[in-house]
Amino acid sequence: MATATQPTVNHYKAYKPRPFSRKERETTTILYGGLTWKHERIIQGTMHNLNYNAQPLPNVARADLDAGKEMIDVGACCPTIFTTGNLVNFLKSEVANKSKEEVANNYVFLTAGACGPCRFGQYHESYTMALDGLGLRDFRMFLLAQDQLDQGSQDGGGLEINLPLSMGLIWAILCGDVLTDLEYMIRPYEVVPGQTDQVMQESVELLYEAFRDRPLYDNKWRTLAWHLTTDYFTGALREVRKKWDAIEVDRLQVKPKVKVTGEFWLQTHEGDGNYNIKRWLESEGAENIPPPIAVWLHYLMHPEIRKLEKRHEMTNRARLKMVIMKAVERLYNSTYNRFRKALGNLPNELPNQIELKELADPFYHFELRGGEGHMLIGKALYAYHHKKAHMVCELTPYSCMPNTMSVGSMAGVLGKYPDLLYAPIEIKGDAEVHALSRCQMILTEAKKRSQRDFDEVLEKTGLTVEAIRQYEERHPELRRATYRVPHMGYPGTAANYVMHLAKTGRIGRA
Ligand code: SF4
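As the structure is a computational prediction, the values presented were derived from the model and not from experiment. (Residues numbered from 1 in each chain as written. Predicted model: local features only at pLDDT ≥ 70, side-chain atom pairs only at ≥ 80, totals over all residues. Heavy atoms only, no water.)

Asks: For unusual backbone geometry, give the residues involved together with the corresponding values.
Replies: Most peptide bonds adopt trans geometry, and most residues besides glycine take a negative phi value. Phi is positive for Asn-51, close to 65 degrees, though the residue is something other than glycine. Asn-51 sits in the exposed class, given a relative accessible area of 61%. Backbone geometry places Asn-345, a non-glycine residue, at a positive phi of 55 degrees. (Buried < 20%, exposed > 50% of the residue type's maximum accessible area, 1.4 Å probe, protein only.)

Asks: Before we move on, could you go through the environment of Ile-293 and cite the residues and values that matter?
Replies: When you line up the elements, Ile-293 lands in helix α12 (residues 293–309). By relative accessible area, Ile-293 is classed as buried at 3%. Counting along the chain gives 152 residues from Ile-293 to Glu-445, while the straight-line C-alpha distance between them is 29 Å. Beyond its immediate stretch of four places on either side in the chain, Ile-293 contacts Leu-35, His-39, Ile-173, Asp-177, Phe-264 and Thr-268. (Helix = DSSP H or I, 4+ residues; strand = E, 2+ residues; numbered from the N terminus. Contact = heavy atoms within 4.5 Å.)

Asks: So what about the pairing of strand β7 (residues 257–262)? Which residues, and what values?
Replies: For β7, a buried count of 6 out of 6 residues is recorded, marking the element as mostly surrounded by other parts of the structure. Bridge count between β7 and strand β8 (residues 287–289): 3 bridges; the pairing is parallel. Across the sheet, Lys-257 pairs through a bridge with Glu-287, a residue of β8. Note: β7 against strand β9 (residues 391–397), 5 bridges, orientation parallel. Looking across to β9, one finds that Val-258 is bridged to Met-391. (Pairing = 2+ DSSP bridges.)

Asks: I'd love a proper account of the sheet that holds β7, names of residues and values included.
Replies: Reading across from one edge, β8-β7-β9-β10 is the order of the 4 strands in this open sheet, with parallel pairing throughout. If you trace the sheet from one side to the other, it starts and ends with β8 and β10 (421–427), each paired once. Looking at each pair of strands side by side, their axes are set apart by 30 degrees on average, direction ignored. Those strands touched by helix α15 (residues 375–385) are β7 and β9, and its axis lies near 170 degrees from that of β7. (Axes fitted to C-alpha atoms, helices over the stretch in contact; angles between N-to-C directions.)

Asks: Any details on the pairing of strand β1 (residues 29–32)? Residues and values, ideally.
Replies: Of the two faces of β1, the one holding Thr-29 and Leu-31 and the one holding Ile-30 and Tyr-32 are both buried throughout. With 4 bridges joining them, β1 and strand β2 (residues 53–56) adopt parallel strand pairing. When the sheet's bridge partners are listed, Leu-31 is paired in β2 with Gln-55. The parallel pair β1 and β2 is bridged by helix α1 (residues 37–49), and the resulting crossover is right-handed. In this structure, β1 lies alongside strand β3 (residues 107–113), joined through 3 bridges in parallel fashion. Counted as the bridge partner of Thr-29 is Tyr-107 from β3. (Right-handed = clockwise from strand over helix to strand, strands pointing away.)

Asks: An account of the environment of Ile-277 is needed here, citing residue identities and associated values.
Replies: One can find Ile-277 in helix α11 (residues 277–283). For the pair formed by Ile-277 and Thr-404, sequence separation is 127 residues and the distance between their alpha carbons is 20 Å. Discounting residues that sit within four places of it in the chain, Ile-277 has contacts with Cys-393, Leu-395 and Leu-436.

Asks: An account of the environment of Lys-255 is needed here, citing residue identities and associated values.
Replies: Along the polypeptide, Lys-255 turns up in the loop between α9 (232–245) and β7. For Lys-255 and Gly-285, which are 30 residues apart along the polypeptide, the C-alpha to C-alpha distance reads 6.1 Å. Discounting residues that sit within four places of it in the chain, Lys-255 has contacts with Pro-188, Tyr-189, Gly-285, Glu-287, His-390, Ser-450 and Gly-492.

Asks: So, α9: which residues are in play, and what are the values?
Replies: Compared with an ideal rise of 1.5 Å per residue, which puts 14 residues at 20 Å, α9 spans 21 Å between its outermost C-alpha atoms and is within 8% of the ideal. Those residues of α9 lying buried are Phe-233, Thr-234, Ala-236, Leu-237, Val-240 and Trp-244. Down the axis, α9 shows its buried residues gathered within 155 degrees of arc, on one side only. In this structure, the buried side of α9 is in contact with α6 (163–186), α7 (195–212), α8 (220–229) and α13 (316–342). (Expected span 1.5 Å × (residues − 1). Arc of directions from axis to C-beta.)

Asks: Talk me through the packing of α12 against α13; I want residue IDs and the actual numbers.
Replies: For the pair α12 and α13, interaxial distance at closest approach is 10 Å and the crossing angle is 165 degrees. Accordingly, the angle class assigned to the pair α12 and α13 is roughly antiparallel. For α12 against α13, the interelement crossing comes out left-handed. In this structure, α12 uses Ala-294, Leu-297, His-298, Met-301, His-302, Glu-304, Ile-305, Leu-308 and Glu-309 to contact α13, whose residues at the interface are Ala-318, Lys-321, Met-322, Met-325, Lys-326, Glu-329, Tyr-332, Asn-333 and Tyr-336. Class assignment of the residues belonging to the contact of α12 with α13 gives a composition of 10 nonpolar, 3 polar and 5 charged. (Parallel < 35°, antiparallel > 145°, perpendicular 65-115°, else oblique. Left-handed = near helix turned anticlockwise from the far one by under 90°. Nonpolar A, V, L, I, M, F, W, Y, C, P; charged D, E, K, R; others polar.)

Asks: If you had to explain the nonpolar core to someone new, which residues and values would you point to?
Replies: Membership of the largest hydrophobic core comes to 83 residues, with the highest contact counts inside it found for Met-47 and Trp-244. At 14 residues, the largest contribution of residues to this core is made by α6. Residues Ala-76, Met-141, Ala-435 and Leu-436 belong to the second largest nonpolar core, which totals 49 residues. (Core = buried A, V, L, I, M, F, W, Y, C linked by side-chain atoms within 4.5 Å.)

Asks: How would you explain the packing of α6 against α12 if you had to name every residue and give the values?
Replies: Two numbers describe how α6 lies on α12: the axes approach to 8 Å, and their chain directions differ by 135 degrees. When the axes of α6 and α12 are compared, the pair comes out oblique. For the pair formed by α6 and α12, the contact residues are Ile-170, Ile-173, Leu-174 and Asp-177 on the first element and Ile-293, Ala-294 and Leu-297 on the second. Taken together, the residues that form the contact of α6 with α12 break down as 6 nonpolar, no polar and 1 charged.

Asks: Run through the side chain of Thr-28, naming residues and quoting values.
Replies: Within the secondary structure, Thr-28 is located in the segment before β1. Owing to a relative accessible area of 1%, Thr-28 belongs among the buried residues under this scheme. Here the side chain of Thr-28 touches Glu-24 through a polar contact of 2.7 Å, landing on its backbone oxygen. In contact with Thr-28, other than residues within four places in its own chain, are Phe-20, Asn-53, Asn-105, Asn-106, Tyr-107, Val-108 and Arg-140. (Polar contact = N/O pair within 3.5 Å; in protein donor to acceptor, adjacent residues only side chain to side chain.)

Asks: Give a description of the pattern of salt bridges that names residues and reports values.
Replies: Summed over all chains, the structure comprises 34 salt bridges. Among the ionic pairs, Asp-231 bridges to Arg-338, the shortest N-O distance being 3.8 Å. Taken together, the positions of Asp-231 in the loop between α8 and α9 and Arg-338 in helix α13 put the pair 107 residues apart, joining distant regions of the chain. You can call Asp-231 exposed: its relative accessible area is 53%. (Salt bridge = Lys/Arg side-chain N within 4 Å of Asp/Glu carboxyl O.)

Asks: Tell me about the site of the ligand, residues and numbers included.
Replies: The environment of the ligand is formed by Cys-77, Pro-79, Cys-118, Arg-119, Phe-120, Tyr-123, Glu-263, Gly-371, Pro-397 and Cys-400. Taken together, the residues of the shell around the ligand break down into 7 nonpolar, 1 polar and 2 charged. (Near = heavy atom within 4 Å.)

Next comes the structure, spelled out in structure tokens:
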């Protein structure tokens, strides 16, 4: 007890959620968020398949930044502020119509957790601080560890983080990724404005239903084997492909290609949280290469493999673990490739993690973990050396230590490769004009390069735009969104398209 000379001390107590019991499952909704609406809807299919009530939080909006700033420490990185504010605003809107007790009982929040040197390991602390501020300490929040697929039943049994859930979530993410890749490569060239978005909506619904109706197995190994071998998801993706067939595109529009990289949440997000930069780039006449979440999941496998490689002594146990890890990696890649193949091999392949590491190695050590680690350097150089993009737009969150390090290291990269077009954009959430105008400066140069490439290809091949258009009239299949244009050594779609047509040798020269 406090005396006149001793002030009351409130000791820190770590947040521990109240149990979420099995019988509460029917009346409780699991909230989640942080990805794109496409990923979240397909994930909802997985959750409904397992009989959970599940609902994604509304997409992050500018108002979430203000709500987050009010509730957590001022030095937090911008993704922490946005995502905390997002949860806060949702809970506030619920509390406006229900009692706090009802809100705390009707919802639980499921979020990814990790440890490591960046704030990602402490997101839940920010959420806790915000819950305290809202007077909702009783609200339950659970962490989905990124490296444990089978965490078992959470306290109370209402939520089971088991293989059917984890495999469903990963497969949903991979399907969301290949679909997103398709979306960004088609929309800039669509002939009927809005058709891509319409088809995307239908495709996501089709996949939602496929995940919702997926068969379930009691046995862990059967669950694993089924996911790795079934044609169930590739069949659904082939149905999706038929929908994309209907979209007509004009690939003769010359557009710069922009590889979007950056901090995990910022690069994935589509909305106010990153100034809606991917849509903005399209409105400025560019084509984006969006960042698949699959690359991050792939990256997470590698520290363990590196650790095993660096052991002083290779025991039989370590050797076996290494064989298993490499087999898991192969299965992961082959699943992603099966999904790509079902979409006509249109989505981009995953970059090789060893190559990313080696490309980044002279500038950024792979053991410097936190944020995206060496991958930001590796991805920029990968796009540059393989001629995949005219420029790289790196989204760097305000107050993010790991990303600041990679932007610093890029100075060394640019010293060695001065013609690499690189636009590091700092995102604070409230300095949009400044950030976009910086990006626009680099984009202007990227536009010139894409036009230069296109003119060069026309000259090299002797083809003309008119001759190609006449040929397209006789071969309308060329203007289908699902027609695959192979990479012919140029970053831009228009240049690759002309080069590809020239290789077929069927179009009359000028
Ligand atoms: S990588 Fe940066 S922005 Fe992302 S959680 Fe970590 S500190 Fe925050």
